[in-house]
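Descriptive structure summary
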Amino acid sequence: TLNEGATATITNSLLKITDVDNTAAQILYTVESPAVNGSLKKGAAVLVTGDSFTQDDLDNSRITYVHDGGEAISDKIIFSTSDGAGGIIPATTYEIAITPINDAPVVTANKTLDVAEGGSALFTASKLFVSDNDTPATQLTYTIASLPANGTLKRASAVLVAGDKFTQNDINTGLISYNHNGGET
């Protein structure tokens, strides 16, 4: 188990095969299917299908799994094992559990809203957009800290005041607008 976006060392306490006839350096794990939500590494090298590592690598903490930071909560690596003397363990799945982390929202659009004097305009996702892989648009909340000096903000037909809240979903569905007061600024 490791946190989203983290790196964990796969040691012999997590993965170990012993053979009384062979040394740890002779026990060979071959990657049959690599991780899809991260990378298995031997030192700095990413291990892909057909690459291998030994029990000695595990015993000496040279094998790591690096999660890609995505939202997946599990991953797996499939490998086969041989002892170099004819002993083979066929494809075996090594499961990896990933603990999700609440990522911070990211502002991907914060652009000027063009409004004609006395006119109104809808805020759209192309003008104001915040995303968060962990949070749906209905729960991404904006709080009005101060009001515009020359107009009003509305959710549908309701005028918004300082302290009111609206969501990214309100923007996405065309509910938030700015109405200019007709003044010269």
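Read on for an overview of the structure. Please read all numbers here as calculations on a predicted model, not as lab measurements.

About the thresholds
Residues numbered from 1 in each chain as written. Predicted model: local features only at pLDDT ≥ 70, side-chain atom pairs only at ≥ 80, totals over all residues. Heavy atoms only, no water. Pairing = 2+ DSSP bridges. Helix = DSSP H or I, 4+ residues; strand = E, 2+ residues; numbered from the N terminus. Buried < 20%, exposed > 50% of the residue type's maximum accessible area, 1.4 Å probe, protein only. Contact = heavy atoms within 4.5 Å. Salt bridge = Lys/Arg side-chain N within 4 Å of Asp/Glu carboxyl O. Phe/Tyr/Trp six-rings, centres within 6.5 Å; stacked < 30°, edge-to-face > 60°.

Attention now moves to the sheet that holds strand E4 (residues 38-42). Read from one edge to the other, the open sheet built from four strands follows the order E2-E7-E4-E5, with strand pairing classed as antiparallel. One side of each edge strand has no neighbouring strand; the edge strands of this open sheet are strand E2 (7-9) and strand E5 (45-46). Looking at chain direction, E4 and E5 are connected through two bridges and run antiparallel. Residue pairing for E5: Lys-41 is matched across the bridge by Val-46.

This part takes up the sheet that holds strand E15 (residues 158-159). Read across the open sheet, the four strands follow the order E11-E17-E14-E15; overall the sheet is antiparallel. Both edges of this open sheet fall to strand E11 (120-122) and E15, since each of them pairs with a single strand only. Bridge count for strand E14 (residues 151-155) against strand E17 (residues 176-180) is five bridges, and the pairing is antiparallel. By the bridge assignment for E17, Lys-154 is matched with Ser-177.

When you line up the elements, Asp-103 lands in the loop between strand E9 (88-99) and strand E10 (106-110). A relative accessible area of 26% means that Asp-103 is categorised as partly exposed. In this structure the C-alpha to C-alpha distance between Asp-103 and Val-159, which are 56 residues apart in sequence, comes to 32 Å. Beyond its immediate chain neighbours, meaning those up to four positions away, Asp-103 contacts Glu-4, Glu-71, Asp-132 and Asp-134.

For the structure shown, the criterion picks out four salt bridges. Where Arg-62 meets Asp-57, a salt bridge forms, and the shortest distance between an N and an O atom there is 2.8 Å. With relative accessibility at 34%, the residue Arg-62 sits in the partly exposed group. A relative accessible area of 4% means that Asp-57 is categorised as buried. In this structure, the salt-bridge partner of Arg-155 is Asp-170, at a minimum N-O distance of 3.3 Å. With Arg-155 in strand E14 and Asp-170 in helix H2 (residues 168-172), this pair connects stretches of sequence that are 15 residues apart. A relative accessible area of 12% places Asp-170 in the buried class. Ionic contacts of the salt-bridge type, sharing partners, join the residues Lys-42, Asp-56, Asp-57 and Arg-62 into one network.

Scanning the model with the defined rule gives three aromatic pairs in all. For the pair Tyr-142 and Phe-166, a centre-to-centre distance of 5.1 Å together with 15 degrees between the ring planes defines the contact as stacked. In this pair, Tyr-142 is assigned in strand E13 (residues 141-143) and Phe-166 in strand E16 (residues 165-167), connecting sequence segments 24 residues apart. Phe-166 shares its class with Tyr-142; the two are buried.

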